[in-house]
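In case you want the letters, here they are:
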Amino acid sequence: MTEYWYNVNTHEIEEDRLSDWSQLIGPYKTREEAEHALEKVRARNEAWEKDDDD
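Residues numbered from 1 in each chain as written. Predicted model: local features only at pLDDT ≥ 70, side-chain atom pairs only at ≥ 80, totals over all residues. Heavy atoms only, no water.

Under the annotation held in an unreviewed UniProt entry, the protein carries the name SPOR domain-containing protein and is attributed to Pseudarthrobacter polychromogenes.

The next thing to look at is the environment of M1. Counting through the fold element by element, M1 comes out in the segment before β1 (4-7). Placed 28 residues apart in sequence, M1 and K29 show a C-alpha to C-alpha distance of 8.6 Å. In contact with M1, other than residues within four places in its own chain, are D16 and K29. (Helix = DSSP H or I, 4+ residues; strand = E, 2+ residues; numbered from the N terminus. Contact = heavy atoms within 4.5 Å.)

Let us look at the nonpolar core. Membership of the largest hydrophobic core is limited to seven residues, which are Y4, Y6, I13, I25, Y28, A34 and A37. Counting only elements with at least two residues in this core, the list comes to β1 and β3 (24-28). Not counting residues up to four positions away in its chain, the partners in contact with A37 are Y6, I25 and Y28. (Core = buried A, V, L, I, M, F, W, Y, C linked by side-chain atoms within 4.5 Å. Buried < 20%, exposed > 50% of the residue type's maximum accessible area, 1.4 Å probe, protein only.)

The next point concerns the sheet that holds β3. Strand order in the open sheet made by the three strands is β2-β1-β3, with antiparallel pairing throughout. The open sheet terminates on both sides in strands that have one partner only, identified here as β2 (13-15) and β3. Strand-to-strand twist of the sheet, defined as the mean angle between neighbouring strand axes without regard to direction, takes the value 25 degrees. Where β1 meets β2, three bridges bridge the pair, whose relative direction is antiparallel. Directly across from Y6, in β2, lies its bridge partner I13. Strand contacts of helix α2 (residues 37-53): β1 and β3, with the helix running at about 105 degrees to β3, the strand carrying the most contacts. (Pairing = 2+ DSSP bridges. Axes fitted to C-alpha atoms, helices over the stretch in contact; angles between N-to-C directions.)

Here it is in structure tokens:
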């Protein structure tokens, strides 16, 4: 089964992890999920910051 990764340096989607782990977010089941990786990271960070404020 193919896994998709978001490369934070190139801002490209990789199939089956081509780059070093330190450059990747994932894995994701679909290319579309990987394309939205940064949005998910931002949303989680905002939620964690909100929890810290409470």
